Amino acid sequence: MDKAQILVASNRGPVSFSINDDGSLSHRRGGGGLVSGLSSVAAENDTLWVCAALSDADRTAAAADPDGRLDRAGFDLGSMRVRMLDIPSATFSNAYTAVANSTLWFVHHLLYDTPNKPAYGAAFRAQWEDYRAYNSAFCEALLTGASDNARVAVQDYHLALVPRMARGRRPDLRIAHFQHTPWAPPEYFRMLPAEIRRELLEGMLGADHLGFLSARWADAFLQCCETFLGSKVNWDKRSIEYGGRVIEVGVHPLGADGAALRERAAAGDVAERRAALRERVGDTKLIVRVDRTELSKNIVRGLEAYRELLATRPEWRGRVTHLAFAYPSRGDVAEYREYTESVQRVAKEINEEFGTADWTPLILEVNDDFPRSLAAYQMADALLVNPIRDGMNLVAKEGPVLSHDGCVLVLSSEAGAADELGSDALLVNPFDVSETADALHSALSMPEEQRRARCERLVEAAVALPPHRWFNEQLRALK
Ligand code: G6P
């Protein structure tokens, strides 16, 4: 029997390339729920993953055959086939940087500083044309070679228009769209131009099944459909009638891949990082945070909360260290560059204000060192995850899984993860710096027994829907 065909589309693919000094290419497998979710599914199905070439090295890989296995139609990665699209750079930059990251991401995370932005003029309309062209390039690639009744899993806000485009050409396909971010409430979504609101919502409604990480985001999407399309929503079933079809909306709260994470964290490089960190922080207690340098992650207010903790509870001075690890992200967006600078500035101020000859209160690292993050999770006494708004936030789930002594999670109520972890985390309003400082104090002071018991329950909730089951749920919804 032929294997069933599954097509996946996402902007960032499962692998990235780099060019070595001698001109050859190396590849690195990406992390993230989607990659691990697909790995086991790919073995049992005929799986093709379509993604964008994101760097010069990716573009070279997309066009060449450096290791004897690549060709223009794609290459094998484990048991799946990957096709990287070489989208013209101006089109890509308008679609990815201007529309997806500087507009849609800002809308869904409520990030605009509205007295100044946004202003949707002719330049934005032109960028939108490129967003459409980029979605259309993905649609073409998916349809090329899609067998009858193939199942298509389109990912995230970069590709909102693909479901409708694909359905128009191939009604036999079974299409899912999964949104990895929050969804804006109607009163915020309404700031987008009317025709673009409509195109986005209708684009996604081309799918048979729409997935979200939290019921809060799914319901906000349905409210937008009611408000802006006048469509009929069945709130009991979370489904919507549109264009003569019924579209199901599902909630799939992605969890951590406990087994894979523990295996990775058992490697020698993590133990080395742990020893090096211990050397640096001595026997102080640790508050850990790990994020991308991302506006929605609320790093500055987190640092301000730490500053307030040290100012108002001097008993912690010299007895705690804050490890703040931030992976560089989206440096092509001016707001991200400015934000990273403000994170660095506040970090420096805190060390100048409180540091002594033998105590550095805060260690901020803006670079990419995954094993060091895993080591920090193992050592954390408190894990701070305080986003302004977040689709899920896997740090909140992965940290407790690796914790050696039972860390206390200080978690924003505005992260999707609060749905599953809220009863055993210390929940905070991400805008309330004093409340966050108090929660850090409670976390550091919590008796060991209570801390361990809470952490055990956090782990149980964190791994409830591991990536392979999360992905299978969406595929099953397409049967
Ligand atoms: C979020 C998005 C993903 C994205 C990731 C990293 O989690 O939902 O789609 O891949 O951020 O962002 P980047 O722009 O670097 O791909």
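Residues numbered from 1 in each chain as written. Predicted model: local features only at pLDDT ≥ 70, side-chain atom pairs only at ≥ 80, totals over all residues.

J.: Explain the packing of helix α1 (residues 33-44) against helix α18 (residues 467-476) to me, using residue names and the numbers behind them.
T.: The interhelical angle for the contact between α1 and α18, taken along N-to-C directions, is 75 degrees, at an axis separation of 7 Å. On the basis of the axis angle, α1 is roughly perpendicular to α18. For the pair formed by α1 and α18, the contact residues are G33, S36, G37, L38, S40 and V41 on the first element and P467, H468, W470, F471 and N472 on the second. In terms of residue class, the contact of α1 with α18 is made up of five nonpolar, six polar and no charged. (Axes fitted to C-alpha atoms, helices over the stretch in contact; angles between N-to-C directions. Helix = DSSP H or I, 4+ residues; strand = E, 2+ residues; numbered from the N terminus. Parallel < 35°, antiparallel > 145°, perpendicular 65-115°, else oblique. Contact = placed C-beta atoms within 7 Å. Nonpolar A, V, L, I, M, F, W, Y, C, P; charged D, E, K, R; others polar.)

J.: Now, about the nonpolar core: what can you tell me, with residues and values included?
T.: V50, F138, A382, L409, V410, L411 and L440 are the most contacted members of the largest nonpolar core, which has 145 residues in total. Here this core spans two domains, and each of domain 1 (4-254 + 468-477) and domain 2 (258-463) adds at least three residues to it. When residues no more than four places from it in sequence are discounted, the contact partners of V50 are L7, V8, A9, R83, L85, F138, A141 and L142. (Core = buried A, V, L, I, M, F, W, Y, C linked by C-beta atoms within 7 Å. Buried ≥ 20, exposed ≤ 12 C-beta atoms within 10 Å, placed from the backbone. Domains from an automatic or database assignment.)

J.: Lay out helix α4 (residues 122-143) with the relevant residues and their values.
T.: If you check α4, its first and last C-alpha atoms are 32 Å apart, about what 22 residues at 1.5 Å a residue would give, namely 32 Å. For α4, every residue scored as buried is listed here: Q127, W128, D130, Y131, Y134, N135, A137, F138, C139, A141 and L142. The positive-phi residue at the C-terminal boundary of α4 is G145, with phi of around 90 degrees. (Expected span 1.5 Å × (residues − 1).)

J.: If you had to explain the sheet that holds strand β9 (residues 209-212) to someone new, which residues and values would you point to?
T.: Pairing is mixed across the open sheet formed by ten strands, whose spatial order is β5-β6-β4-β1-β7-β8-β9-β12-β11-β10. Two strands bound the open sheet, and with one partner strand each, they are β5 (75-77) and β10 (232-234). For this sheet, the mean inter-axis angle between neighbouring strands, taken without regard to orientation, is 25 degrees. With five bridges joining them, strand β1 (residues 5-9) and strand β4 (residues 46-52) adopt parallel strand pairing. (Pairing = 2+ DSSP bridges.)

J.: Give a description of the site of the ligand that names residues and reports values.
T.: Around the ligand, the structure places R12, N101, D156, H180, T181, S329 and R330. Looking at the shell around the ligand, its residues break down into no nonpolar, four polar and three charged. (Near = placed C-beta within 6 Å.)

J.: Outline the domain arrangement of the chain, supporting the account with residue identities and numerical values.
T.: According to the domain assignment, the chain consists of domain 1 (4-254 + 468-477) and domain 2 (258-463). A separation of 30 Å is found between the C-alpha centroids of domain 1 and domain 2. If you look at the interface, domain 1 gives 16 residues, while domain 2 gives 15 residues. Of all the secondary-structure elements, those providing two or more residues to the side of domain 1 that touches domain 2 are α1 and α3 (89-108). Here the element with the most residues in the side of domain 1 that touches domain 2 is α3; it accounts for three residues. Broken down by class, the residue content of the side of domain 1 that touches domain 2 amounts to seven nonpolar, nine polar and no charged.

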